[in-house]
Amino acid sequence: MQILLLAAHTLLNKNRKDIEISEREAVGHICSLKDAFGYENPSEIANLISAEKFEAALAIHLYKGGRLLQGSRIPFGIIFGGTDINEDVKHEEKHRVMGAVLEEASYSSATLGLSKTCCPFLPLNLGIMTTPSATFNWKRFLQNAGIPQDTENLRLFLLICGLRRVKDPLYLVDVFSEWHRREPHIHLVIIGPAVSCFFRLTPGVHLLQEIPQDDLHAAVKRCFAVVNSSISEGMSAAILEAMDLDVPVLARNIPGNAAIIQHKDTGLLFTDPQEFVQLSKSLMNDPTLEREIVTKAKAYVKKHHSWDGEREAYQNLVLRLQLLFLKHAKCL
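Residues numbered from 1 in each chain as written. Predicted model: local features only at pLDDT ≥ 70, side-chain atom pairs only at ≥ 80, totals over all residues. Heavy atoms only, no water.

- Within an unreviewed UniProt entry, the label attached to the chain reads Glycosyltransferase 1 domain containing 1, and the organism entered is Terrapene triunguis.

Next comes the structure, spelled out in structure tokens:
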């Protein structure tokens, strides 16, 4: 079966999507990944479908991907992201378009973290597979970030994101810089695509462009904690990957994060920058709490976010499309 996969952030998630495509191809489906940002309207996608003879489609992100499948003559499914349901729905025109897409879609699917904010859907838990590089150069990483390598008792917090409003990466900058002035061994590294153009130089806060996924996982393992300061989330892969790598997570207390973090059990949830610092200090001063959190978080990911589980879920979604395609073909 020829399947078109439209992803809203192909470049940001290239490694992950390539793996997903390989998994689907392994069970007999031929998938083609296209970046939704490379197309402007449904007619372009209609021409693509005709030229490459796609039989079904999956769009990741209801607005950015789904809008391009309006009027499609093949069955298609929608996989909600997070921004679409949490943010785009607030804009009248986007809301209208997303409603129209859902009326045409064969089905929709979403992570359980979105269950309270969207229409009925097929559940899809994000699967996690971490692969830290064995050749990762920690000293070079610190050098690139501008962090002195001779810092005693270094405590490095890592925020993985690009500078998008919904990620709110500057939320903790001021309080973190103030903390660093009092305790110079405390550092925050923000790592992700296209961040340097938007940032002002602040003591204790450092910027790095994105690095290969294996190196990123290795960097996470060397950090004290991973931070999430988003305004809204669907289900954060960065949080789940940190849990899988035995690194504690401090996340902003929003529905998407609270759906996968139980406060002081599998992670820590903060409501403002001051509470972030307070919780961070308590974690640093309580090795028993840190050990309990990472142990329970690891067990949670293993139970609820296995890679095999997500692969099976995707295969079931594709099977639905296949059955719909065969039903449609019989009617012709």
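Notes on the overall build of the chain
Point 1. The secondary structure content of the chain amounts to twelve helices and twelve strands.
Point 2. Relative to its full complement of 332 residues, the chain shows a buried share of 52%.
Point 3. In the chain, once contacts between residues fewer than 6 apart in sequence are set aside, the share between residues at least 24 apart is 66%.
Point 4. With an accessible surface of roughly 15,900 Å², the chain has 51% of that area assigned to carbon and sulfur atoms. (Helix = DSSP H or I, 4+ residues; strand = E, 2+ residues; numbered from the N terminus. Buried < 20%, exposed > 50% of the residue type's maximum accessible area, 1.4 Å probe, protein only. Contact = heavy atoms within 4.5 Å. Areas by Shrake-Rupley, 256 points an atom, 1.4 Å probe, with all protein chains shown as cover.)

Describing the packing of aromatic side chains
Point 1. Within this structure, the stated rule accounts for ten aromatic pairs.
Point 2. Here the aromatic rings of F270 and F276 are separated by 5.2 Å at their centres, their planes lie at 70°, and the arrangement is edge-to-face.
Point 3. One aromatic cluster is present, built from ring pairs that chain together F157, F176, W179, F224, F270 and F276.
Point 4. Residue placement shows R67 over the ring face of Y63; its charged tip is 5.6 Å from the ring centre.
Point 5. A cation sits over an aromatic face here: R252 above Y171, 3.6 Å from the ring centre. (Phe/Tyr/Trp six-rings, centres within 6.5 Å; stacked < 30°, edge-to-face > 60°. Lys NZ or Arg CZ within 6 Å of the ring centre and 35° of its normal.)

What to know about the pattern of salt bridges
Pairing between side chains of opposite charge can happen when their charged atoms approach one another.
Point 1. Counted according to the given criterion, the structure contains seven salt bridges.
Point 2. For R252, the salt bridge goes to D168, with nearest N and O atoms at 2.7 Å. One end of the pair, R252, is in strand β11 (residues 249-252); the other, D168, is in the loop between β7 (155-160) and α6 (173-182), and 84 residues separate them in sequence.
Point 3. The exposure class assigned to R252 is buried, which follows from its relative accessible area of 15%.
Point 4. A salt bridge links K298 to D244, with the nearest nitrogen and oxygen atoms 3.8 Å apart. Separated by 54 residues along the polypeptide, K298 in helix α11 (residues 287-304) and D244 in helix α8 (residues 237-244) bring together distant segments of the chain.
Point 5. D244 sits in the buried class, given a relative accessible area of 16%. (Salt bridge = Lys/Arg side-chain N within 4 Å of Asp/Glu carboxyl O.)

Regarding the confidence of the model for the chain
Point 1. Counting all residues, the mean pLDDT for the chain is 82, and 80% of those residues have values of 70 or more.
Point 2. Ranking the helices and strands of the chain by mean pLDDT puts strand β12 (residues 268-270) first, with 98, and helix α1 (residues 14-26) last, with 49.
Point 3. Overall, residues 10-15 carries pLDDT values under 50, and its contacts beyond four positions in sequence, including any with other chains, amount to six contacts. (pLDDT = per-residue confidence, 0-100.)

Quick word on the side chain of S133
Point 1. Its place among the elements puts S133 in the loop between β6 (122-123) and α5 (138-145).
Point 2. Within polar-contact distance, the side chain of S133 engages the backbone nitrogen of F136 at 3.4 Å.
Point 3. Ignoring anything within four residues of it in the chain, the contact list for S133 reads D214, D215 and A218. (Polar contact = N/O pair within 3.5 Å; in protein donor to acceptor, adjacent residues only side chain to side chain.)

Description of the packing of α6 against helix α10 (residues 273-284)
Point 1. Relative orientation of the contacting elements α6 and α10 amounts to 45°, with a least axis distance of 9 Å. As judged from the angle between their axes, α6 and α10 are oblique. For the pair α6 and α10, the contacting residues are V175, F176, W179 and R182 in the first and P273, F276, V277, S280, K281 and M284 in the second.
Point 2. Class assignment for the residues of the contact of α6 with α10 results in seven nonpolar, one polar and two charged. (Axes fitted to C-alpha atoms, helices over the stretch in contact; angles between N-to-C directions. Parallel < 35°, antiparallel > 145°, perpendicular 65-115°, else oblique. Nonpolar A, V, L, I, M, F, W, Y, C, P; charged D, E, K, R; others polar.)

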